[in-house]
Amino acid sequence: MRTITFEQIASAVEGLCIKANTQIGADVKEALEKAHAAEASPLGKTIIGHIMENNAIAENELVPICQDTGMAVVFVTIGQEVFVEGGLTDAINEGVRRGYEKGYLRKSVVKDPLIRVNTGDNTPAVIHYDIVPGDKLHIMVAPKGFGSENMSQLKMFKPADGVEAIKKFVIEAVEKAGPNPCPPIVVGVGIGGTMEKASFLAKKALLRHIGHHSEKEHIAALEKELLEKINNLGIGPQGLGGNTTALTVNVETYPTHIAGLPCAVNINCHVARHTEIEL
Amino acid sequence: MKAVRLTTPLTQEALRQLKAGDTVLISGTIYTGRDAAHKRLVETLDRGEDLPFNVKDAVIYFVGPCPAKPGQVIGSAGPTSSYRMDTYSPRLIEQGLTGMIGKGLRGPAVVDAMKKHGCVYFVAIGGAGALMARSIKEAKVIAYDDLGTEAVRELVVEDFPVIVCIDAEGNNLYEQGRAQYQRN
């Protein structure tokens, strides 16, 4: 057994919340540079330029990239030989509480979805746990803004509907979202499992580094085809027209039931944030 | 693209000059408000009471900023999705609101009210809150302090960068821009 303390975890999560909200990943920066060079619309090109300038200001001045610093979504992979001194969930929420306060991040979480009073500290986080062999603890913080989150879609297809129905569904979800999720976007697609598993996979797909395609050949081909079709929609940067609507389409799959074909689409804006640490 | 400079208040005469696709730099006073604040503004009108600011010829910015760091006027302050204010916007436009700044689609009832009463919908760049905060020179909460980030703030802005998305005639840059680059 290896012991990890409450304080180690809270402190790590605090740092991750601030870093994720102020520093965009190298993969997103590179994708924006490529898009800037390739964008056909002059206004679209200007917009991508402003987004790049904004990211530089945020990083240099340690201020949030976007005012929507999100609901903290935390992915935890915990080795079964790890003993956590103090509650793990409490430690993560304590880290979120400190990070959002110390980083001058916006507190966007309400306690009850219907009564809607702000919790004042951005907790609770949405936490996903995965238990694996070993004695390591891996934590990824992915703040999720709701301009894009609200554009999510889930559909339970019949097996007979097949891949063509999935393509149509993903493209229509992006088309319907239009300018709302702040294009250029990252599109996460989850196929398989159950209703909630497909949604989880779509979220997880957003965390994959841009430029890394699926290792499954047919899925990698699907990702490329969807990206091309989405960029042909003409929605463009901020929805004002252009050939950069999405930076990437990432598809994750899981085995499913003989009777079903669940598919979920989760969209991220260009502020595709995720930062990780291994303890 | 040469930017049009405008100073608030935004009069009917000034807004009629603005066309979808124009890039604009706004200076002067603008007001903030998002979901919860809009709900209260409309409830105030329903009770027949006065709004906390003069809405005639005013520009409202749909934003919920980050807290200001020491030495800053305001934290990151980019636009939030406008469609969530569609329920409330026509009531404010009837009262004389002439400009809205946000991002994303608007419903037909909002566009109808804009054409009928004279109002322009500007978009700012979503997700570029750090950049936009630089154009905000002063900020103070003037109503609904208890709403925190959703409180109504009076902002003094200088060369605040926006794009005319829907003009007072109903021309829509989202539709025009997309049509120009759509393939298949």
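Residues numbered from 1 in each chain as written. Chains lettered and ligands numbered in written order. Predicted model: local features only at pLDDT ≥ 70, side-chain atom pairs only at ≥ 80, totals over all residues. Heavy atoms only, no water.

(A) Quick peek at the side chain of A:N268. Residues and elements named next belong to chain A. Tracing the chain through its elements places N268 in strand β9 (residues 261–268). Residue classification places N268 among the buried residues on the basis of a relative accessible area of 6%. Of the polar contacts made by the side chain of N268, one reaches the backbone oxygen of V271; its length is 3.3 Å. Once you skip the residues sitting within four places of it in the chain, N268 turns out to touch K144, S148, I185, V186 and L206. (Helix = DSSP H or I, 4+ residues; strand = E, 2+ residues; numbered from the N terminus. Buried < 20%, exposed > 50% of the residue type's maximum accessible area, 1.4 Å probe, protein only. Polar contact = N/O pair within 3.5 Å; in protein donor to acceptor, adjacent residues only side chain to side chain. Contact = heavy atoms within 4.5 Å.)

(B) Main features of the nonpolar core. Within the largest apolar cluster, 84 residues are counted, with the highest numbers of intra-cluster contacts made by A:L240, B:I26, B:M100, B:I101, B:F122 and B:F160. Ranked by residues supplied to this core, first place goes to strand β7 (residues 152–166) of chain B with nine residues. When near neighbours in sequence (up to four residues on either side) are disregarded, B:I101 contacts B:I26, B:I30, B:V59, B:I60, B:Y61, B:F62, B:F122, B:A124, B:F160 and B:V162. Core analysis: the second largest hydrophobic core is formed by 28 residues, A:F157, A:I219, A:L261 and A:I267 among them. (Core = buried A, V, L, I, M, F, W, Y, C linked by side-chain atoms within 4.5 Å.)

(C) Summary view of the state of the cysteines. Summed over all chains, the structure comprises zero disulfides over all chains. A:C269 takes part in no disulfide bond, and the closest cysteine sulfur to it belongs to A:C182, at a distance of 5.9 Å. Residue A:C269 is classed as buried on the basis of its relative accessible area of 11%. As a non-bridged cysteine, B:C119 has B:C165 as the owner of its nearest cysteine sulfur, 12 Å distant. Under the relative-accessibility criterion, B:C119 is labelled buried at 0%. (Disulfide = S-S within 2.5 Å.)

(D) Just the packing of helix α1 (residues 6–22) of chain A against helix α4 (residues 88–102) of chain A, in detail. Residue and element names in this part refer to chain A. For the pair α1 and α4, the least separation of the axes is 7 Å and the interaxial angle reads 40°. With respect to α4, the element α1 is oriented oblique. The element α1 and its partner α4 pack so that their crossing is right-handed. Residue-level contacts link F6, E7, I9, A10, S11, V13, E14, C17, I18 and N21 of α1 to L88, D90, A91, I92, E94, G95, V96, R98, G99, Y100 and K102 of α4. For the contact of α1 with α4, the residue count by class is eleven nonpolar, four polar and six charged. (Axes fitted to C-alpha atoms, helices over the stretch in contact; angles between N-to-C directions. Parallel < 35°, antiparallel > 145°, perpendicular 65-115°, else oblique. Left-handed = near helix turned anticlockwise from the far one by under 90°. Nonpolar A, V, L, I, M, F, W, Y, C, P; charged D, E, K, R; others polar.)

(E) Local environment of the UniProt feature "domain: Fe-S hydro-lyase tartrate dehydratase beta-type catalytic" (unreviewed entry) in chain B. The feature "domain: Fe-S hydro-lyase tartrate dehydratase beta-type catalytic" (unreviewed entry), as annotated in UniProt, sits at residues 2–176 of chain B in this numbering. With 23% helix and 27% strand, the stretch residues 2–176 of chain B has end C-alpha atoms that lie 19 Å from each other. (UniProt positions renumbered as here; feature names shortened; annotations may be inferred.)

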